Amino acid sequence: MSDTASTLILFGATGDLAARMLLPSLYGLNCDGLLPADLRIIGTARTAQEDAAFRAHAHDAVRDHVPETIFDEARVATFLERIHYVTLDATDTAGFHRLAHVVGDTSGGVAIFLSTAPSLFKATIDGLAAAGLTGPEVRLALEKPLGSDLASSRAINDAVAGAFSEAQTFRIDHYLGKETVQNLLALRFANVMFEPLWTNATVDHVQITVSETIGLEGRGDYYDGAGALRDMVQNHMLQLLALVAMEPPASFDATAVRDEKVKVLRSLRPVTAADAAQRVVIGQYGAGAVGSIPVPAYADELGKPSTTETFVALQAFVDNWRWAGVPFYLRTGKRLPDRRTEIVIQFKCVPHSMFHTRGATTSPNRLTIAIQPDENIELSLMAKVPGLDRGGVKLREVSLAIGRDDAFSDTRRRIAYERLLLDLVEGEPTLFVRRDEVEAQWQWIDGVRAAWTAAGMVPKPYASGNWGPSAAIALAERNGVSWND
Ligand code: BG6
């Protein structure tokens, strides 16, 4: 099998993810000459249509979702030449045979991207197997949600493992495709100055925030069954935590990196019924205003009352030598004041400040890694305010900042899926999630849910446009921490 695939099959090709992310990403890669010259892209979905109609759909998706600066009709036309379409209903094997016929010889390598409802995974894998599309030259990428708890995730993983080896299985967490998330590895492991400080001796606590301003976006059926913990913490936020906390891998390859991440995930201290109320806050948005635009309450948007959490804040601990006693505060929610993903490493105070004899106070250093919408890294340092100090020394926090747009203005911002699709086509698994990681994530998350249920917790209301229920502020403050708002 050649490592690079010559056929990419998109299941769910008429869906929202394909229109917003996958087709625009493939177009971007094509513009940059990064797709293999012979790569064919075959879309499949239930909608009965010919190649031409799907190409028109792909054209519109690209036009609507790529930046104007890279949209170009001639380049879209070249891109569309790669695209084909096969009508396929996952519950009907005839479609898979038609697909196998269009794919033809698989020895050039086939990459399959499943972005369909998980309820169709099993039928799809059976259909692929029946049509001979599961051989060693085929690899399969799976989009979330991969289950709703450990048991259902195992069932999906078992069904996949019946037809594809782990090395052929590429589980997607699109946060791993984000440039600044990968840059976290460079920051930690390509610089000498952070690693010695990256321990419980100098780090006071870590904050990870993923805040969103959007509400349900028409995804009520899925979201109401999931909630913020399963939708965001189980995958994206635990991956961020693992990248922050992991030991330096011996090499930048799939086994070394994923071995280190899984050790962190397995070291997460369980939340118990006894400490759930101290360590977890859940909330649900009510009516309010986000960016001065009035928005309805979650239950009104959903059209029925619900006990699903749209906000969660929690205190996690990585119980190992490096991180003993260092809290990791995680919070995420919908309808918060702004869209922001960031990691804050809050260092401890200097052990002794010689400046107090001159009336000056020092603030502890802080490293902020902004992932989106801004991509930058900012280190706050203490500096002396210029002057002759007759009234006492004055110190002030100043920041050393590396903004992506300044430092790398000659590079284009890419969609996270560009990286992941290219890695999939080329068979590079490092930025995909291994089975043991997903299962360790679910194990911890199931424990959190079980603990809050046993403790009788229900989501506390918060008005849209606020940083969650006030209990989330109290969760941090009773430990002497302020959220970085
Ligand atoms: C998805 C969640 O995985 O991530 C969504 O299902 C969420 O609810 C989205 O909105 C956030 O992704 P991003 O890249 O916009 O931060």
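Residues numbered from 1 in each chain as written. Predicted model: local features only at pLDDT ≥ 70, side-chain atom pairs only at ≥ 80, totals over all residues. Heavy atoms only, no water.

Peer 1: It is not clear to me how the site of the ligand should be interpreted in this structure. Could you clarify?
Peer 2: Y175, K178, E212, D231 and Q372 are the nearest of the 13 residues found near the ligand. For the ligand, an oxygen atom lies 2.7 Å from a polar atom in the side chain of K144. Within the complex, 83% of the 400 Å² of free accessible area of the ligand lies under protein. Counting residues per element, the shell around the ligand draws most heavily on helix α8 (residues 220-245), which supplies three residues. Tallied by class, residues from the shell around the ligand come to three nonpolar, three polar and seven charged. (Near = heavy atom within 4 Å. Polar contact = N/O pair within 3.5 Å; in protein donor to acceptor, adjacent residues only side chain to side chain. Areas by Shrake-Rupley, 256 points an atom, 1.4 Å probe, with all protein chains shown as cover. Helix = DSSP H or I, 4+ residues; strand = E, 2+ residues; numbered from the N terminus. Nonpolar A, V, L, I, M, F, W, Y, C, P; charged D, E, K, R; others polar.)

Peer 1: Would you explain the sheet that holds strand β8 (residues 280-286) in this entry?
Peer 2: An order of β16-β15-β14-β13-β7-β12-β11-β8-β17 is seen for the nine strands of this open sheet, with the pairing classed as mixed. The open sheet terminates on both sides in strands that have one partner only, identified here as β16 (395-403) and β17 (460-463). Neighbour to neighbour, the strand axes of the sheet diverge by 20° on average, direction disregarded. Its contacts with the sheet place helix α7 (residues 179-189) against β13 (340-347), β14 (366-372) and β15 (376-384), and it is angled at close to 150° to β14. Sheet strands in contact with α8 are β7 (203-211), β11 (311-317), β12 (327-333), β13 and β14, and its direction is about 145° off that of β12. (Pairing = 2+ DSSP bridges. Axes fitted to C-alpha atoms, helices over the stretch in contact; angles between N-to-C directions. Contact = heavy atoms within 4.5 Å.)

Peer 1: Looking at this structure, how should I read the packing of aromatic side chains?
Peer 2: By convention here, two paired aromatic rings are described through the distance between centres and the angle between planes. Counted by the stated rule, this structure contains 12 aromatic pairs. Centroid distance F54 to Y85: 5.0 Å. Interplanar angle 35°. Geometry classified as tilted. On the criterion of sequence distance, the pair formed by F54 in helix α2 (residues 51-65) and Y85 in strand β3 (residues 83-87) is long-range, its members being 31 residues apart. By relative accessible area, F54 is classed as buried at 0%. Seen from their ring centres, F170 and F432 are 4.9 Å apart, and the 70° between their planes marks the pair as edge-to-face. Here F432 lies in the loop between α13 (416-426) and α14 (435-454) and F170 lies in strand β6 (residues 169-171), a separation of 262 residues in the sequence. Residue F170 is classed as buried on the basis of its relative accessible area, which comes to 1%. Under the relative-accessibility criterion, F432 is labelled buried at 1%. (Phe/Tyr/Trp six-rings, centres within 6.5 Å; stacked < 30°, edge-to-face > 60°. Buried < 20%, exposed > 50% of the residue type's maximum accessible area, 1.4 Å probe, protein only.)

Peer 1: What should I look at first to understand the nonpolar core in this one?
Peer 2: The nonpolar side chains of a soluble globular protein tend to be buried with one another. Membership of the largest hydrophobic core comes to 119 residues, with the highest contact counts inside it found for L8, F113, F328, I343 and L367. Take this core: its biggest share by element is 13 residues, from α8. Contacts of I343, omitting those with residues within four sequence positions, involve L184, V206, Q207, I208, L240, V244, L367, T368, I369 and I371. Counting residues in hydrophobic clusters, the runner-up holds 25 residues, among them I112, L128, A131 and L133. (Core = buried A, V, L, I, M, F, W, Y, C linked by side-chain atoms within 4.5 Å.)

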